[in-house]
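Inside the fold
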Amino acid sequence: MKFGTIIENEEPVAIVRGSDGRARRLADVAEVAGLSRLGNMLELVTQYGKVQNILGELAFAADTVDGIALDGADWAPPLPNPSKILGVAFNNRELMKKAHRDPGVPNFFLKPPSALQGHGKPIIVDPDWGAVIPEPEICAVIGKRAKHITVEEALDYVFGYLIHNDVTSHGLKFQKDSIAVTYDKDMARPEFYTWRNLNGPDDTDAFYVYHTRSKGTDTFGPMGPWITTKDDVPDPNDLTVVGTLDDEVFTRDHTGNYRFRVEECIAEASRYFTLEPGDMISFGTTGKGAGRFKRGHKSLLIGEETGTIGIAIEPLGTLRNPIKHQKGGA
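Summary of the structure given here.

Definitions and limits used
- Residues numbered from 1 in each chain as written.
- Predicted model: local features only at pLDDT ≥ 70, side-chain atom pairs only at ≥ 80, totals over all residues.
- Heavy atoms only, no water.
- Pairing = 2+ DSSP bridges.
- Helix = DSSP H or I, 4+ residues; strand = E, 2+ residues; numbered from the N terminus.
- Axes fitted to C-alpha atoms, helices over the stretch in contact; angles between N-to-C directions.
- Contact = heavy atoms within 4.5 Å.
- Patch = residues over 30% accessible without salt bridge, like charges linked within 9 Å, V, L, I, M, F, W, Y side chains within 5 Å.
- Areas by Shrake-Rupley, 256 points an atom, 1.4 Å probe, with all protein chains shown as cover.
- Salt bridge = Lys/Arg side-chain N within 4 Å of Asp/Glu carboxyl O.
- Polar contact = N/O pair within 3.5 Å; in protein donor to acceptor, adjacent residues only side chain to side chain.
- Buried < 20%, exposed > 50% of the residue type's maximum accessible area, 1.4 Å probe, protein only.
- Arc of directions from axis to C-beta.
- Phe/Tyr/Trp six-rings, centres within 6.5 Å; stacked < 30°, edge-to-face > 60°.
- Lys NZ or Arg CZ within 6 Å of the ring centre and 35° of its normal.

Read from one edge to the other, the open sheet built from nine strands follows the order E3-E2-E1-E15-E10-E9-E18-E4-E5, with strand pairing classed as mixed. Whereas interior strands pair on both sides, the edge strands pair on one side only; in this sheet they are strand E3 (23–25) and strand E5 (107–111). The sheet shows a mean angle of 30 degrees between the axes of neighbouring strands, direction not considered. As defined by bridge partners, strand E9 (residues 136–142) adjoins strand E10 (residues 158–165) across seven bridges and the pair is classed as antiparallel. Paired with Val141 across the bridge in E10 is Gly160. The strands that helix H2 (residues 41–48) touches are strand E1 (2–8), strand E2 (11–17), E9, E10 and strand E15 (227–229); relative to E10, the one it contacts most, it runs at about 145 degrees.

Next up, the structure:
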């Protein structure tokens, strides 16, 4: 099944796609199914872990409700209000080749929900921000509260998957959210340096880099258009990811190239964060280039290009967002 959110009369409306490919308002389908009124996607995902066979009931009822046309729909992010969005940095074997040392565990960062942007909406970038790049990724929606879960059971806690363009500004990151310090030797603890190569025994430099503006600026989180339930995604580690600028492919990669598998990332995250229904984990970008984009997504500088960025991942669908240059950003 596929679920999404569109804007009607300036309000977000959750929708479900029927077997005929047409959309229905989720609230109407839930009423026919005899379920408690489901007004938005977060309510559905929360009920998913509580109501047995809720998706089966909705699927049976969906085709009995009149469909609505999606031509010209005003798309919102499918789940606009998660409590948190986790990303996994450098989770690609191609990208890991440049690392000083393999960290041995997923590297997590947080992205604010305010960065989310719907299908068809612009990615707004100030060209003065320097290097701003797309990052085509798959993202899981957590369906049940998870804490200290195992790798073997991790996928049981997933509601579904969607496409995420984890737009990243290395220009903002290094210009505004990074600082280097030199520690006094008595303060330079060994664990501060396990992640990089040292330049001699007297190297006590430390580098603080915060993924705040670089990942969380408004419009830097396009998602959608649909959440595809996990039963339609047999193996999230076996999906082809294609990124395009208009009709030109800039990357073609595969989730099998992840350094850490989807279930490993979820289990590791649950050691430190209580994962709530509706929370999202985005598992990392592509690493392979195509055509004139020799370094893939890293070669596509959004502040210097025009057009529409597309990300296609079957069976999830295709996410498209036009580039918009604007002084000061969104």
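Attention shifts here to a nonpolar patch on the surface. A contiguous nonpolar surface patch, about 430 Å² in accessible area, is contributed by Phe174, Trp195, Phe207 and Val209. Take Phe207: it is sitting in strand E13 (residues 205–209).

Before going further, it helps to examine the pairing of strand E20 (residues 317–325). Pairing between strand E7 (residues 123–125) and E20: three bridges, direction parallel. Of the residues in E20, the one forming a bridge with Ile123 is Ile323. Sheet topology places strand E19 (residues 308–313) next to E20; six bridges connect them, and they run antiparallel. Paired with Ile313 across the strands is Gly317, a residue of E20. Here E19 folds back onto E20, and the loop between the two strands holds three residues.

Let us look at the environment of Ser282. Take Ser282: it is sitting in strand E18 (residues 280–282). Along the primary structure Ser282 and Ile163 are separated by 119 residues, whereas in three dimensions their C-alpha atoms are 8.8 Å apart. The residues touching Ser282, leaving out its near neighbours within four places in the chain, are Leu86, Gly87, Val88, Glu137, Ile138, Cys139 and His164. Polar contacts involving the side chain of Ser282 include one to the side chain of Glu137, which spans 2.5 Å. Of the polar contacts made by the side chain of Ser282, one reaches the side chain of His164; its length is 2.8 Å.

Quick look at H2 now. Given 3.6 residues per turn, any residue in an α-helix points the same way as the ones three and four places further on. When we look at burial in H2, the residues that qualify are Met41, Leu44, Val45 and Tyr48. Down the axis of H2, the sector holding all buried residues measures 95 degrees, keeping them to one side. Residue Asn40 occupies the N-cap position of H2, its side-chain oxygen lying 3.1 Å from the main-chain nitrogen of Leu42.

On to the packing of aromatic side chains, then. If you walk through the whole model with that rule in mind, you get nine aromatic pairs. Both rings, one in Trp75 and one in Trp226, keep their centres 5.2 Å apart while their planes meet at 75 degrees; by these two values the pair is edge-to-face. Placement of the pair is Trp75 in the loop between helix H3 (54–62) and strand E4 (85–89) and Trp226 in the loop between strand E14 (221–222) and E15, with a sequence separation of 151 residues. Each member of the pair, Trp75 as well as Trp226, is classed as buried. Of the aromatic side chains, those joined through ring pairs into one cluster are Phe3, Tyr48 and Phe159. Over the face of the ring belonging to Trp226 we find Arg17, whose NZ or CZ atom lies 5.7 Å from the ring centre.

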